[in-house]
Structures are given as C-alpha cells and as structure tokens.
Number of protein chains: 2
Amino acid sequence: MKMYKKRYMNHAIKLAYLGKYTTSPNPNVGCVIVKNNNIVGEGWHIKAGSDHAEINALKMAGHKSNGATAYITMEPCNHYGRTPPCCKELIKSGIKKVIISTLDPNPRISGKGLLELKKNGIIVEIGLLKKKAERINKGFFKRMKKGMPFVQLKLAISIDGKTALANGQSKWITSITSRNDVQKFRMLNDAILSTSKTIISDNSKLIIQKKFFSNRKILISTNKHIRINILQPLRIIIDSKNLITPMYNLFNYKSKIWLIRLKKDNNIWPKYVKQIILNSSNKIIDLVKLMYMIGKTNINNLWVESGASLAGSLIKLKLVDELILYVAPKILGDLSRSSFIIPKIKMISEGYKFKFNDIKYIGSDLRIILTPKH
Amino acid sequence: MKMYKKRYMNHAIKLAYLGKYTTSPNPNVGCVIVKNNNIVGEGWHIKAGSDHAEINALKMAGHKSNGATAYITMEPCNHYGRTPPCCKELIKSGIKKVIISTLDPNPRISGKGLLELKKNGIIVEIGLLKKKAERINKGFFKRMKKGMPFVQLKLAISIDGKTALANGQSKWITSITSRNDVQKFRMLNDAILSTSKTIISDNSKLIIQKKFFSNRKILISTNKHIRINILQPLRIIIDSKNLITPMYNLFNYKSKIWLIRLKKDNNIWPKYVKQIILNSSNKIIDLVKLMYMIGKTNINNLWVESGASLAGSLIKLKLVDELILYVAPKILGDLSRSSFIIPKIKMISEGYKFKFNDIKYIGSDLRIILTPKH
C-alpha cells in the first residue's frame, strides 16, 4: 500500500514542478485524485490568482471525487485569498481521504487546513515524501520560515579557482553551454542580485535572453498548453557609492530594477527603476539587512551573479543556501583573481565548509552544486 | 563473431591488470587461449624475469593449444631477454590464430613478433580494443615512444583552488579517504617526484604506508595467489640548492632516493641515496632534461606530489599527462595560496586547457582527473 501511495505522491510532485516558471510568489503545488486505484483527477498550480492545484484536480475528477483520495504536495489553504479556500472545495467534493506531503510553512496559516479537513470527517495523513516535496519550494519554505529568500550563488571559475585574469578579463572562462545553463537558473529565480562593480566591468543586461523566456510552452492542464513569456527576474544591484548611471546596458531592457544605495542620487530614472535606501553605520550595504528586506517582498528565490567580493561576503555571513560553480577545465595561474575575498584564515579548520550535492557535465565544463555545512 | 572476440580480449585485458603492482618496468600483458568457444588457457605477466603472459596461458592449455586461438593484449616478443621468446613457444604449441590488441611500442622490436608468427603460417589479426589495451600500459607506451615517463600530477585543493593557507599550512585540506586514495596511486607508479621545498615544509617520508604495500595478495595464476610486499617507488627530489640533509624523515625509510642537484654536497649519504647532477645554465633544474633522464631508466610511471611552483612549471612545459585533483568542499579564500604558479596570462585563451576525464567522490571530497588538450 505504501508503495502505491509513494507513486501517487511522486506523480503529484512531478505535476507541481510544471508550474516552476510561473507560480511565484506562490508555491508550486500538485494534486492527484485517486479512486479505486485509478487517477481520476490531476492538477497543479500555474499562476498566482488562478486556480490552485486541488481545484484543477477536482474539476477534472468531477463527481468521481466522491469517496476518492486526494494526494496533495502541500497542505490545502483554508482562507480567502485571490481564490476561495481549497479546503471548502475538497469537503464539498465528497473526498474521503487527503494525503498531504508538507504543511504550509507560513506560520500564520500552517495546520489550519489540516484541522478544517479533520473537523469535517476527512481522514488526513501527513508527511509522505516530505523532504522531496519541500525541495520543490525551497525558496518559499526558506522565506516563510526565516524571512529571507533562498540564495543561490553562482560563480564561473577555472579548475584553479580563478574568476578573472589579473587585468579583470573574465569573458569567457566557461563555455556557451554553461552560460545557457545559467539562463535556466535565472528563469527559476525571482530576482538576480549583483553589484555596481560587476555591472561596470561586464555591462551586462542581467536578463533572460529572448530565446529562453519568450513564447515558452507551459502545460496548463493534462494535454493542454499555452505559450507565454516568462517574467524577467527583478534585478537588484548593490550600489553603495551611486556609481550606476542610466547609461548602462542594464537600462536597455525595461523590467524592474532596484538600486540598493545609502542615499538617493539626482538622476532621472525610468519608472521601472527604484532606488532603495538602506541605512548603514559604516558606509557599506548591510547584507543581512538587505536579505531581510528582500524576504519581506514576494521574492522566494534569489540568484546571485557577482565577483569575488560579494561572493566572499555572502559566504562569510553564511547567507548562501547553494553554491553553484561552473568549472572550466583551464588553469589561469596564481596571478589571476581568486573567487572568494574573505578575511585571512589562520587554520585549515577555519575554512568555510560545504557538502557536494550535485555534479554534472555541462558541455566541456563541470557544474558543481554545494550546500553549506553550518 | 566480433562480439565474441571482444569478450575474450576484454578478459585478456582484465588479466593483464592483475600484474599492475608488480610487472614494472615490464608492461602488463594478458593472454587467453580459446578453443571451440571455450577458454582453455589464461595467463598474465606477473614480474620481470618470470614467465610472460603467453607462456603462462600455454602452460595451462597444454595440448589443447593445438588448433586454438590466442588473444594477447600486446604483440608477443621474438627475442631472448630474461626469458625465451614467446613467438617460438606459440608456434611450437600449434596455435592456429593469434589476435593481438597492440603492437609492442618499443621501436627496436615493434612488428617483429607479428612477422615471425605470420612467417610460420599463423593467422594474425591486430588492433582489437587497441585504445583500451594501450591504457593498461600508459607509462610503458609513453616511455617507448617519447623517451619520457607518463606523468601524473597530483594536487589537493579547496573548491576555490587553494593548496595551502597564507602561513603555509596545508595539513589537511582533503580527508583521510582522499589521502588513502593517494596511496593507491603511489603503488601504481614507479617513482614519486617532489621538491626540497615540499620535503622541508611537510617532512614526509613519501612512501607507501605499510598497511597498503606489505603482505599484499597477488594472484599468480587462476585460483592461486602469493603474498608479497609491493616495491616502494623510487623517491626523486629536486634539490637545486642542496637544501636536503640526512636529517629529514625521508631518510628514515631505506629505499632508493635520488637527489637531483646542480652539484654534489659533502654529506655522507646512505647507499640507497644517489646524487644525480644535471648541468644547467641558469641555476635551476631543467625539467625537460630531468624527464628524459628519468625516461632513460626503467621508470614508466611518475607520480608528482609537490607545491604550486613545480606544478606550475610542469604545466607550463606541457610535461603533465594527467592532472589529478583532490578537491575538498571548503573555501579558503583569496589570501590562501594558489595551486599553480605560472607567468601572468593576458588573455583567457592563453590559459592551459584540459579535458575532464574522470570524476569520482572520494569520501567527502571529489577526485577530478584531467588530461591536457595540447
């Protein structure tokens, strides 16, 4: 029996992933409705404001929901948001049993859906494939629990750990295949964080390239899809010295930009650019404060592309949840620039410790994903 | 038919590997004798001076060799060395057909065995699984063809490419599992190359630890093994300034050591220590000259364990055949020491290019093997 349950929940998790480019700031959720060992309904959440996974699955199942079991990757909501509460619809449908993978991590509502279902005589099980279901929404969980976004720090390095030559040149250490892979990560994130230094040196737009984001096929129900443009991530630039001016390439693409500064400047900025002032006692941007500020908005997932300076600071402050290294099979030598600027370490044991999590060939490069061992 | 042939040659290659710790300076060779689709004899070379693979296989097959096919990973010899020529024995045995993977790379004898077999009416095929068979004897092939040993350069680094802290501390960046893995590589090599700088800083013995080398089970024929001590690799220390004195730990283990110097010193050295003088015009050891000198001895495989300075020089001179990186999931920061000291690079395209060849988890570390792209 347990095996069957896992199979259905795995299917629900797979459905949840179908919304990975579009649900933010909402979590990805999948739902499977099973009757007499047959899937009679399936659904997933596609976009904030549209139907939740449960509602989509119930619509497909119709009267067959009566007496059936629902597998849901996250606790159904019991409040009126932009859509009516899913619990109400589940109860109305005659569902007999609800198997939930994870509770809603939002402390204000966690457990309330569960209670409502039980109160209405529905059998509820919780915890099946919990870790796996949490991984679908790493950012949502982190933000709900810690008030900060899930931070992925990306660096492109040589096998000897260099990000640039002594003269600053860094185009391109890694291959085009790796750079395309980065585009996919940008699509999965709500915002990209970088620094004025990086913008000044690379003059990049920091957007998802057209071929990746535009006219993308998104499955909206079994056998039915639409083509949409993925939203560009918000671009957040740390610019404590007001070095960024409207002349940079960044402003040749009209989508939201935040300039994180200590004080405003007198430039005339387009409407999509916002100057955000963070007070500081030491003339540098307080990164912890910045993360909490970002966490208060709708940003679950933050993608960091920067140089060795911000990378080192984030590592030192333990603000990184995943380190993503694109490693090119090249040696650039001791005189090239190192990848993490951190204060001098006096003992090996003081080094910042990680765990290898995933390793994959990306063209001629290697992509190494590490998680910190705090 | 081809599939059958491959299966037998693969078996012969597997047999060849059984001699990997003991045959040097001879190559590893395996032989399978097949009659009516049955293996009637198998053999491999165990040790210089003892029977060659073909002889061991013929002995096992006995009169069944008559009319049979022999699969041999390398061309059989046709000269009197420490043992009589294998060709003679193959002809005498009544073998009908000989399938050979690779020619003998020794230019003085390559092709002679082949000719002798053909002259005596034996059908000869050559080239089956050639690349795979050559890999068994990377060092032997390199030395025979280029006059230099096959060079494996090993470094233990952090994910940001650091080999030591600013204060020189490097014990231990990688885990005990990685260090044990290094012992296996030392066993597969004929010599270890290091520098006086490394000896002075680590005071290591540079030997295979007892638990690895001693009382090792070696299969000498099907179902029969002996227990022997693996030979310690020759230790070659580059010491252009005569900094090494008999006080170092290196001399607490009595096995061959070469000190590579520009002139002799006045110390009284034990018999197993040899000072080798390489002339130089610029007061540093000429590494190309050193490699040719090593290639003239019986050393097929050279294992390099050193710091960033020798590592960088070998990379710059393109003397490295395989780069073996043990990567610990740690960040040591920009102020720690880089892994390759090489002259400043002005364009990314000037970087030294490699190819990822093999990636493996070794405990909590990663072992990355790269080969140069010249």
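Residues numbered from 1 in each chain as written. Chains lettered and ligands numbered in written order. Predicted model: local features only at pLDDT ≥ 70, side-chain atom pairs only at ≥ 80, totals over all residues. Heavy atoms only, no water.

The name given to chain A in an unreviewed UniProt entry is Riboflavin biosynthesis protein RibD, with Candidatus Purcelliella pentastirinorum as the source organism. Note on chain A: under the UniProt heading Function (unreviewed entry), the record states "Converts 2,5-diamino-6-(ribosylamino)-4(3h)-pyrimidinone 5'-phosphate into 5-amino-6-(ribosylamino)-2,4(1h,3h)-pyrimidinedione 5'-phosphate." (UniProt positions renumbered as here; feature names shortened; annotations may be inferred.)

*Asks:* Hey, could you run me through the environment of Asn203(B) in this one?
*Replies:* Residues and elements named next belong to chain B. Tracing the sequence through the fold places Asn203 in the loop between helix H8 (196-202) and helix H9 (210-213). Sequence-distant contacts of Asn203, defined by excluding residues within four places in its chain, comprise Thr198, Tyr248 and Asn249. Of note is the side chain of Asn203, whose polar atom sits 2.9 Å from the backbone nitrogen of Asn249. (Helix = DSSP H or I, 4+ residues; strand = E, 2+ residues; numbered from the N terminus. Contact = heavy atoms within 4.5 Å. Polar contact = N/O pair within 3.5 Å; in protein donor to acceptor, adjacent residues only side chain to side chain.)

*Asks:* Help me understand the relation of the copies chain A and chain B in this model?
*Replies:* Applying a rotation about an axis and a shift along it to one chain copy brings it onto the other copy. In the superposition of chain A on chain B (RMSD 0.0 Å, axial shift 0.0 Å), the rotation amounts to 180°. Here the transformation between the copies is reduced to the relation of a two-fold axis. The rotation axis passes nearest to the C-alpha of Gly161(A) in chain A, at a distance of 2.2 Å. A high fraction, 100%, of the interface residues of chain A reappear at the interface in chain B, so the copies pair face to face through one surface. (Least-squares fit on C-alpha atoms with pLDDT ≥ 70 in both.)

*Asks:* How should the confidence of the model for chain A be read in this particular structure?
*Replies:* Note: predicted coordinates in regions of low pLDDT should not be interpreted at a detailed level. When pLDDT is averaged along chain A, the result is 94, and 100% of the positions lie at 70 or above. For this predicted complex, the interface confidence score (ipTM) comes to 0.92, while the overall pTM stands at 0.94. (pLDDT = per-residue confidence, 0-100.)

*Asks:* Help me understand the interface of chain A and chain B in this model?
*Replies:* The accessible area lost on association of the parts is a frequent measure of interface size. Chain A puts 51 residues into the contact, and the matching count from chain B is 51 residues. Overall, the association of chain A and chain B removes approximately 3,700 Å² of surface from exposure, summing both partners, and the carbon and sulfur fraction of that is 70%. Sorting the residues of chain A by area buried against chain B places Ile331(A), Ile348(A) and Phe356(A) first, and these three jointly supply 22% of that buried surface. Linking chain A to chain B there are zero salt bridges. Among the elements of the structure, strand S15 (322-328), strand S16 (330-331), strand S18 (352-362) and strand S19 (365-372) of chain A are those that each provide at least two residues to the side of chain A that touches chain B. It is S18(A) that provides the largest number of residues to the side of chain A that touches chain B, a total of nine residues. Across the side of chain A that touches chain B, the residue classes break down as 30 nonpolar, 10 polar and 11 charged. Of the strand pairs in this sheet, S16(A) and strand S18 (residues 352-362) of chain B are connected by two bridges, and their pairing is antiparallel. Following the sheet pairing, Lys330(A) is matched in S18(B) by Lys353(B). (Buried area = accessible area lost by both parts, 1.4 Å probe. Salt bridge = Lys/Arg side-chain N within 4 Å of Asp/Glu carboxyl O. Nonpolar A, V, L, I, M, F, W, Y, C, P; charged D, E, K, R; others polar. Pairing = 2+ DSSP bridges.)

*Asks:* Just checking my understanding: could you explain the UniProt feature "binding site: substrate" (unreviewed entry) in chain A for this structure?
*Replies:* Per the UniProt record, the feature "binding site: substrate" (unreviewed entry) sits at Ser170(A), Arg186(A), Leu206(A) and Glu305(A). Residue placement: Ser170(A) occurs in the loop between strand S7 (162-164) and helix H7 (176-188). Owing to a relative accessible area of 23%, Ser170(A) belongs among the partly exposed residues under this scheme. Setting aside chain neighbours within four positions, we find Ser170(A) in contact with Thr163(A), Ala164(A), Asp202(A) and Ile348(B). (Buried < 20%, exposed > 50% of the residue type's maximum accessible area, 1.4 Å probe, protein only.)

*Asks:* Which parts of the structure should I look at to understand empty space enclosed by the protein?
*Replies:* With a probe scaled to a water molecule rolled over the atoms, the places where space remains empty come into view. The tally for this structure, following the rule as stated, stands at two cavities of 30 Å³ or more. Empty space within the largest cavity amounts to approximately 100 Å³. Around the largest cavity sit Ile157(A), Ser158(A), Ile159(A), Gly161(A), Leu325(A), Val327(A), Ile368(A), Ile157(B), Ile159(B), Leu325(B), Val327(B) and Ile368(B), which together line it. Those elements that place two or more of their residues in the lining of the largest cavity are strand S6 (150-158) and S15 of chain A together with strand S15 (322-328) of chain B. A per-class count over the lining of the largest cavity returns 10 nonpolar, two polar and no charged. Of the pockets and cavities examined, the second largest cavity occupies roughly 40 Å³. Lining the second largest cavity are Glu75(B), Pro76(B), Cys77(B), Asn78(B), Asp104(B), Ile109(B), Lys112(B) and Gly113(B). (1 Å grid on protein atoms, 1.4 Å probe; cavity = no way out; pocket = protein on both sides within 12 Å on 5 of 7 lines; lining within 4 Å. Points joined across faces, edges and corners; volume = space filled by probe spheres on them.)

*Asks:* Even after reading the chapter, I still don't get the UniProt feature "domain: CMP/dCMP-type deaminase" (unreviewed entry) in chain A, so can you show me in this structure?
*Replies:* When the UniProt feature table is mapped to this numbering, "domain: CMP/dCMP-type deaminase" (unreviewed entry) covers residues 3-125 of chain A. Between the C-alpha atoms that bound residues 3-125 of chain A the distance is 15 Å, and the span itself is 33% helix and 23% strand.

*Asks:* Hey, could you run me through the environment of Glu125(B) in this one?
*Replies:* Residues and elements named next belong to chain B. On the secondary structure map, Glu125 appears in strand S5 (residues 123-126). Taking the C-alpha atoms as reference points, Glu125 and Met293, 168 residues apart in sequence, are found 36 Å from one another. Look past the residues within four positions of Glu125 in its chain and what remains in contact with it is Lys5, Lys97, Val98, Ile99 and Ile100. Of note is the side chain of Glu125, whose polar atom sits 2.8 Å from the side chain of Lys5.

*Asks:* I keep staring at the domain arrangement of chain A and nothing clicks. Help me out?
*Replies:* Residue and element names in this part refer to chain A. Looking at chain A, the domain boundaries give domain 1 (1-136) and domain 2 (139-372). On a C-alpha basis, the centroid separation for the pair domain 1 and domain 2 is 33 Å. Between domain 1 and domain 2, the residue contacts involve 20 residues of the former and 18 residues of the latter. The junction of domain 1 with domain 2 conceals about 1,700 Å² of combined surface from both sides, 69% of it contributed by carbon and sulfur atoms. It is Tyr21, Pro25 and Pro105 that lose the most area in domain 1 upon contact with domain 2, and together they represent 38% of the buried surface on that side. Seen at the junction of domain 1 and domain 2, the total is zero salt bridges. Taken together, the residues of the side of domain 1 that touches domain 2 break down into 11 nonpolar, five polar and four charged. (Domains from an automatic or database assignment.)

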